[in-house]
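Topology and contacts: notes
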Amino acid sequence: VSYLKRETSPKQTIFNKEDWSSAYCNVEKELDNVQLKLVKGSIPEQISGTFYRNGPGRLERGGRWVHHPFDGDGMIAAFKFDNGKINLTNRFVRTKEWTEEEKSQKFLYRGVFGTQKEGGVLANAFDVRLKNIANTHVIKLGDDLLALWEASSPYSLNPNTLETKGLSNLKGVLKKGEAFSAHPRFDPGHHQSQRMVTFGVSTGPKSTIRLMEFSTEGENIGSLLSDRKDSFNGFAFLHDFAITPNWAIFLQNAISFNPLPFLLGQKGAAQCLASKSDGTPKFLLIPRDSGKFAGQPPKSVNAPKGFVFHHLNAWEDNEKINIESIFYDDFPSIGPEDNFREIDFDLLPEGILKRSEINPIENTFTCSTISNQCCEFAMVNPHFEGLKARFSWMATAEEKEGNGPLQAIKKIDLSNNKEISWSAAPRGFVSEPIFIPSQESKSEEDNGWVVALVWNSIRSGTDLIILDSKDLTEKAILEVPISIPHGLHGSWVEN
Ligand code: 3ON
Ligand code: FE
């Protein structure tokens, strides 16, 4: 018997749109160390650490909805695993804008994905401030928990209490308001020490990528180890990237940005992005300062057509570079007239996992599909980041083909493309799965657990599930004492 089975309407075997959209609610409470209720199984006692998770927590104010869930203010949930128990602390990030809007009970700022402030087009025209909602990812660097949003600087929070300390310039590294990606990558020790590799992009007719490496261990934890800037022609929308020991790999989508409707108050900035059907996407390969091509100029190689937000992983095979990415046929946008809670999945492109093999010497690539099943939020065992990992875990739609909401968690053996899945369908909806490495996971790659939040539409609430990462069997299902909308990214921090 499947978890979250539909009892009443046997015809609805996959999902029902109201069940899916019922997750779009406001997070009503902020809790301190409240224990989760176990409803099935038991929590493995070896798991010790915190699962941090970010995502939109405020989707409606004074009866008005955000235009797109990515415009919802960041709310951090921290699930602390300790000796077979899990306690939740959750907080909205006290951004300047959230604090003001909380007081006035209305939207005072425009959102990048199309949320307008009150007063119609005239009130929105020429207001080009970007509202930093700190909602995309959450990672720990030294004593700081960083809530990330890619078009501006991170907010720093206390990792224990989740109290917002304020905007961070990372010990003076970032200029005021400087863009800092929401997708850092963690180098597990390709060159002895562990590092966080990340970037910031400033865009325009010419774009610049700032590639940074921060120490994540020892005395100088959190300090900048290397820093380089590379400029290239054209507008760039770079949400994510991948690393190998020697390279930072970006996929520059063929996309254009026409800011006029944004300036005139008709669209949000991200609604002004459009795929260029005649453009050529490019891989940008930037040598890492810690690698053997340090100081050399970047390389640009043609890339497959399509639009990519997220990569799974990358690795080197002699001089060739392999990168696995989730491709969409087109930039999936929600137009000014669309209601995000009523979108027709059949009309939107689905994410397909593909592997590109790049030959930077001959300036060529080949590309193959790993699976045709709609997926998002894929990861490998963090010890294998940037190396040839054999296993990956990701969220997928329930059906094998076509677009649909994320309802299952899948493990792929990348050596033979064999897959196994755990499903919450028809009434459950999964979010990003996070791999928790066990003590044995350095030598046995798939040894550990997978955690994820599941929207349980039967009780209109959120569940936390723990699976065995090897065979995806259920270890535990717990009820989370708050309802959390479909979210974005999270991370695991070991004790
Ligand atoms: O010049 C500017 C460059 C830039 C970085 C233009 C701009 C203002 C649009 C911009 C800002 C970009 C931002 C703020 C992007 C934020 C992205 C975000 C919050 C999330 C992206 C998520 C992507 C995916 C694929 C999520 C999928 C989720 C599901 C399938 C489940 O719900
Ligand atoms: Fe992302």
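Predicted model only: the values in this text are computed from it and were never measured.

Notes on the overall build of the protein
If you tally the helices and strands in the protein, you get four helices and 36 strands. The C-alpha atoms of the protein give a radius of gyration of 21 Å, which matches the 23 Å a tight globule of 495 residues would have. Principal-axis analysis of the C-alpha atoms places the extent of the protein at approximately 60 × 60 × 50 Å. In the protein, which comprises 495 residues, the share counted as buried stands at 47%.

Things to note about the sheet that holds strand 29 (residues 406-413)
The antiparallel open sheet is built from four strands, whose spatial order is 27-28-29-30. The open sheet is flanked by strand 27 (375-379) and strand 30 (418-423), the only strands paired with a single partner. Put simply, the sheet's adjacent strands are angled 25° from each other on average, direction ignored. Inspection of the sheet shows strand 27 paired to strand 28 (residues 391-397) by three bridges, in the antiparallel sense. Considered in strand 28, the bridge of cysteine 375 is made with threonine 396.

Some thoughts on the environment of threonine 396
With respect to the helices, strands and loops of the structure, threonine 396 is situated in strand 28. Among the residues examined, threonine 396 registers 28 C-beta atoms within 10 Å and is labelled buried. Taking the C-alpha atoms as reference points, threonine 396 and isoleucine 409, 13 residues apart in sequence, are found 6.0 Å from one another. Not counting residues up to four positions away in its chain, the partners in contact with threonine 396 are Gln373, Cys374, Cys375, Leu406, Ala408, Lys410 and Ser421.

Looking at the pairing of strand 21 (residues 282-287)
Among the six residues in strand 21, five count as buried, and that is most of the element. Here strand 18 (residues 247-252) runs beside strand 21; their pairing, made up of six bridges, is antiparallel. Counterpart to tryptophan 247 in the pairing with strand 21 is proline 287. Judged from the four bridges that link them, strand 21 and strand 22 (residues 299-302) form a sheet pairing that is antiparallel. In the sheet register, phenylalanine 283 faces strand 22, and the bridge partner there is valine 301.

What about the sheet that holds strand 12 (residues 164-167)?
Strands pair in a sheet through their backbones, by hydrogen bonds, and they do so in one of two ways: parallel or antiparallel. Pairing is antiparallel across the open sheet formed by four strands, whose spatial order is 9-10-11-12. Every other strand in the sheet has two partners, leaving strand 9 (137-141) and strand 12 as the edge strands with one partner each. Going across the sheet, the axis of each strand differs from the next one's by a mean of 25°, ignoring polarity. For strand 11 (residues 155-157) and strand 12, the ladder comprises three bridges, and the chain directions are antiparallel. Counterpart to tyrosine 155 in the pairing with strand 12 is leucine 167.

Quick word on the site of ligand 1
The environment of ligand 1 is made up of 18 residues, and the closest members are Phe70, Ala151, Ala269, Ala270 and Phe309. A per-class count over the shell around ligand 1 returns twelve nonpolar, four polar and two charged.

Comments concerning the nonpolar core
Ile76, Ile249 and Val451 are the most contacted members of the largest nonpolar core, which has 120 residues in total. Looking at this core element by element, the count peaks at seven residues for strand 33 (residues 448-456). Setting aside residues up to four positions removed in sequence, isoleucine 249 forms contacts with Phe241, Ala242, Phe283, Leu285, Ala314, Ile321 and Ile323.

Describing unusual backbone geometry
With an omega of 0°, the peptide bond running from alanine 425 to proline 426 counts as cis. We note that serine 460 has phi near 50°; this positive angle belongs to a residue other than glycine. Tracing the backbone shows serine 460 in the loop between strand 33 and strand 34 (461-468). On the basis of neighbour count, serine 460 is assigned to the exposed category, with 12 C-beta atoms found within 10 Å. Positive phi, close to 60°, is recorded for leucine 472, a residue that is not glycine.

Structural notes on the pairing of strand 35 (residues 474-479)
Pairing between strand 2 (residues 37-41) and strand 35: four bridges, direction antiparallel. Residue pairing for strand 35: leucine 38 is matched across the bridge by leucine 478. As paired elements, strand 34 and strand 35 share five bridges and run antiparallel to each other. Residue pairing for strand 35: aspartate 463 is matched across the bridge by glutamate 479. A loop of five residues connects strand 34 with strand 35, the two strands running antiparallel in sequence, and leucine 472 in this loop sits at a positive phi of about 60°.

A look at the environment of glutamate 178
Among the secondary structure elements, glutamate 178 is positioned in the loop between strand 12 and strand 13 (185-191). Separated by 32 residues in the primary sequence, glutamate 178 and leucine 146 have C-alpha atoms spaced 15 Å apart. If we skip the residues at most four places from it in the chain, glutamate 178 touches Ser153 and Gly200.

Rules used in this analysis
- Residues take numbers from 1 onward in each chain, read along the sequence in its written order.
- Chain letters start at A and ligand numbers start at 1, both assigned in the order the entries are written.
- Owing to the predicted nature of the model, reporting of local features is limited to residues with pLDDT of at least 70; listing and counting of side-chain atom pairs is limited to 80 or more, with chain, interface and lining totals taken over all residues.
- Working definition: helices are DSSP H or I runs of at least four residues, strands are E runs of at least two. Numbering for both runs from the N terminus.
- The quantity called the radius of gyration is restricted to C-alpha atoms. Its globule counterpart is 2.2 Å times the number of residues to the power 0.38.
- Around each residue's C-beta, the other C-beta atoms within 10 Å are counted; 20 or more make the residue buried, 12 or fewer make it exposed, and counts in between make it partly exposed. All C-beta atoms are placed from the backbone.
- Here a strand pair is declared whenever DSSP counts at least two bridges between the two strands.
- For helices, the axis comes from a line fit to the C-alpha atoms of the stretch in contact; other axes are also lines fit to C-alpha atoms, and the angle between any two N-to-C directions lies between 0 and 180 degrees.
- Working definition of a contact: two residues with C-beta atoms, positioned from the backbone, lying within 7 Å.
- We count a residue as near a molecule or strand when its backbone-placed C-beta atom lies within 6 Å of that partner.
- Each residue receives one of three labels: charged for Asp, Glu, Lys and Arg, nonpolar for Ala, Val, Leu, Ile, Met, Phe, Trp, Tyr, Cys and Pro, and polar for the others, Gly being one of them.
- Nonpolar core, as used here: buried Ala, Val, Leu, Ile, Met, Phe, Trp, Tyr and Cys residues forming one set through C-beta atoms within 7 Å.

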